[in-house]
Amino acid sequence: MLKCTCPLQTSTMLVFGGLLLLLGIFAFNSSATDEDALIIIPLPRALQPTSYELSVEVLLPPFDAGIGNVTFQNNGVVTIELKAIEETDKIVLNAANISITRCRLVNINGKDASTELTNITYDVPSQLVTIMSPFKFAINDTFQLAIDYSFVIRNDSCGMFNTPYQEGNVTHNVVQTDFEAINARRLVPCFDDPSFRSKWTVEVKAPIGYTVLSNTEKASDPNPAGPGFTLTRFNPTPPIPSYLLAIAVHDYPYLENVTSTGILYRFYGQQSKLDVCSEAFEFTGRLIDHLIERFKVVKFPSTKVDFIETERHPSGGMENFGLITLNAKIFCNVTDMPRFKNIIIHELIHQWFGNIVTMKDWSNAIMNEGLTEYYTELVVKELLGLCLVGTPSYYLWKYVEIPLEATYMTK
Ligand SMILES: [Zn+2]
């Protein structure tokens, strides 16, 4: 799904948004904030990030100072492995509302290094941070950059945000992420541009009692991480663009099964919804197998797909690699199951169209959404026997002629 709910994206995607508004399924927030002043400057191409090691701390009750407090800073550490494509002494990353507390080179061309980098400048309107190295990297040099920083858990639906749910008189705190199109930079300083694909290895420190999910399966059971906390580490992702990274910290119960093709899939949501969702859950297993057979020339690169409901979802669903988020108003809604299944089909097809093959630039979002809508209509007919004659999206998309460039997932 492509949508714009962060104020900053109003200016980012104004032209493209005009087309989306025609579809009537996307919402824009035009409220005036400082973020309306976003000035898009493309990242330099001198450096290529090959992998990220990301460790973040997510404070929830009983360590709840961070929830709903827009000034409270949670801590993160990211180590980025980079390769120089051109000679440069300048490292430019995207970052929004992030404070870097320490930055250093820890490894250069395979040799340990310990070089503190203190020449750091922020370009707030462009959401860029520039880190100067005391020496130039030559072409094909590789190095690791470690950054200690703090970030904010927000109260809207951008970046990492608080999205609680109510069960009777009990409020359950949940933290989730939504990074499309340019909001990964609110959780971690990174190359937040779909033309950069990198492997991500994520670990999350969270209070005991919460379940942590990310794009891949956890590498092992959560380990103790100080009084009251556990640390959950996940397997590396394949190379993905930053907007497909996802984290959820929650206490939802779940349904779980393995498809005939061996893919683990789960629904995470309120128990009352799971109780009435067995048919849609079973359908989803058949759907995963159907898509794996249908698109078999391109192997599905994950061993699991999780689906989790999101109270404050900015749209209907988001196709994060291996961790699909679904609007709570739609999730297991028995009064509109066709719509729920339609969105599941759409987000699963994105695992190929958008996630394995990704447009290089957001102006080419037709490559994600147009192809996904096209195959959604075919698969709805194949599995549900329905024709989506009322869905105008593909018919609009196919008349839009723009140059298309893509990035591809490689092992
Ligand atoms: Zn979509």
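Residues numbered from 1 in each chain as written. Predicted model: local features only at pLDDT ≥ 70, side-chain atom pairs only at ≥ 80, totals over all residues. Heavy atoms only, no water.

> So what exactly am I meant to see when it comes to the overall build of the protein chain here?
Along its length, the protein chain carries seven helices and 24 strands. For the protein chain, buried positions account for 56% of its 411 residues. Taking the intrachain contacts of the protein chain between residues at least 6 apart in sequence as the baseline, contacts between residues at least 24 apart amount to 72%. When the accessible surface of the protein chain is summed, it comes to about 16,900 Å², and 55% of that surface belongs to carbon and sulfur atoms. (Helix = DSSP H or I, 4+ residues; strand = E, 2+ residues; numbered from the N terminus. Buried < 20%, exposed > 50% of the residue type's maximum accessible area, 1.4 Å probe, protein only. Contact = heavy atoms within 4.5 Å. Areas by Shrake-Rupley, 256 points an atom, 1.4 Å probe, with all protein chains shown as cover.)

> Is there a simple way to explain helix 4 (residues 278–294) in this structure?
The periodicity of an α-helix, 3.6 residues per turn, causes residues three or four places apart in sequence to face the same way. Given a rise of 1.5 Å per residue, 17 residues ought to cover 24 Å, and the 24 Å separating the end C-alpha atoms of helix 4 matches this to within 8%. Elements in contact with the buried residues of helix 4: strand 18 (254–258), strand 19 (264–268), strand 20 (304–310), helix 5 (337–350) and helix 6 (366–384). (Expected span 1.5 Å × (residues − 1).)

> I keep staring at the sheet that holds strand 22 (residues 323–327) and nothing clicks. Help me out?
Across a sheet, paired strands are connected by hydrogen bonds in the backbone, their directions being either parallel or antiparallel. The strand order across the open sheet formed by five strands is 18-19-20-22-21, and the pairing between neighbours is mixed. The sheet is open, and its two borders are formed by strand 18 and strand 21 (317–318), each paired with just one other strand. Bridging between strand 21 and strand 22 involves two bridges; their strand directions are antiparallel. Residue pairing in the sheet places Gly317 in a bridge with Leu326 of strand 22. (Pairing = 2+ DSSP bridges.)

> Would you explain empty space enclosed by the protein in this entry?
Unoccupied space between atoms shows up once a probe the size of one water molecule is rolled over them. If you walk through the whole model with that rule in mind, you get one cavity of 30 Å³ or more. The computed volume of the largest cavity comes to approximately 40 Å³. In terms of lining residues, the largest cavity is bounded by Pro44, Ala46, Leu47, Lys90, Val92 and Phe191. Classifying every residue of the lining of the largest cavity gives five nonpolar, no polar and one charged. (1 Å grid on protein atoms, 1.4 Å probe; cavity = no way out; pocket = protein on both sides within 12 Å on 5 of 7 lines; lining within 4 Å. Points joined across faces, edges and corners; volume = space filled by probe spheres on them. Nonpolar A, V, L, I, M, F, W, Y, C, P; charged D, E, K, R; others polar.)

> Is there a simple way to think about unusual backbone geometry in this case?
Trans peptide bonds make up the majority, and among non-glycine residues the majority have a negative phi. Note the cis peptide between Glu180 and Ala181, where omega equals 5°. Tracing the sequence through the fold places Ala181 in the loop between strand 12 (175–178) and strand 13 (199–207). Backbone geometry places Cys332, a non-glycine residue, at a positive phi of 55°. Relative to the elements of secondary structure, Cys332 occurs in the loop between strand 22 and helix 5. Classification of Cys332 by relative accessible area gives buried; the value is 4%.

> Which parts of the structure should I look at to understand the environment of Thr303?
Tracing the chain through its elements places Thr303 in the loop between helix 4 and strand 20. Between the C-alpha atoms of Thr303 and Tyr265, which are 38 residues apart in sequence, the distance is 8.7 Å. Excluding anything up to four places from it in sequence, Thr303 contacts Gly262, Ile263 and Leu264.

> In this structure, what is going on with the pairing of strand 1 (residues 47–57)? I would like to understand it.
A regular strand places its side chains on the two faces of the sheet in alternate fashion. Across nine bridges, strand 1 lies against strand 2 (residues 74–84) in antiparallel orientation. Of the residues in strand 2, the one forming a bridge with Ser51 is Glu81. The pairing of strand 1 with strand 13 spans seven bridges and is parallel. Of the residues in strand 13, the one forming a bridge with Tyr52 is Trp200.

> Would you mind going over the pattern of salt bridges with me for this structure?
Pairing is possible between side chains of opposite charge, provided their charged atoms come close. For the structure on display, the rule yields 17 salt bridges. With a closest N to O distance of 3.7 Å, Glu256 and Arg266 form a salt bridge. Residue Glu256 is located in strand 18, and its partner Arg266 is located in strand 19; the two are separated by ten residues in the primary sequence. You can call Glu256 partly exposed: its relative accessible area is 43%. Residue Arg266 is joined to Asp306 by a salt bridge in which the shortest nitrogen-to-oxygen separation is 2.6 Å. Here Arg266 is found in strand 19, whereas its partner Asp306 is found in strand 20, with 40 residues between them in sequence. Each member of the pair, Arg266 together with Asp306, is buried. A single salt-bridge network, built from bridges that share partners, covers Glu217, Glu256, Arg266, Lys304 and Asp306. (Salt bridge = Lys/Arg side-chain N within 4 Å of Asp/Glu carboxyl O.)

> It is not clear to me how the side chain of Asn94 should be interpreted in this structure. Could you clarify?
The topology assignment puts Asn94 in strand 3 (residues 88–94). Looking at Asn94, its side chain comes within polar contact range of the main-chain oxygen of Gln127, at 3.3 Å. Each residue touching Asn94, except ones within four places of it in the same chain, is listed here: Leu43, Ser126, Gln127, Leu128, Arg185, Val188, Pro189, Cys190, Phe191 and Asp192. (Polar contact = N/O pair within 3.5 Å; in protein donor to acceptor, adjacent residues only side chain to side chain.)

> What's the story with the state of the cysteines in this structure? I'm lost.
Defined simply, a disulfide is a covalent bond joining two cysteines at their sulfur atoms. In total, this model carries one disulfide according to the counting rule given. Covalent S-S linkage joins Cys277 and Cys332, the inter-sulfur distance amounting to 2.1 Å. In this structure, the disulfide formed by Cys277 and Cys332 twists by about -90° around the S-S bond and is classed as left-handed. Of this pair, Cys277 sits in the loop between helix 3 (271–274) and helix 4 while Cys332 sits in the loop between strand 22 and helix 5, placing them 55 residues apart in sequence. (Disulfide = S-S within 2.5 Å.)

> Could you clarify how one ought to interpret the environment of Ser242 in this entry?
Relative to the elements of secondary structure, Ser242 occurs in the loop between strand 16 (229–233) and strand 17 (247–250). Excluding anything up to four places from it in sequence, Ser242 contacts Phe179, Ala184, Cys190, Phe191, Asp192, Asp193, Phe196 and Trp200.

By themselves, these observations are geometric and do not establish any function.
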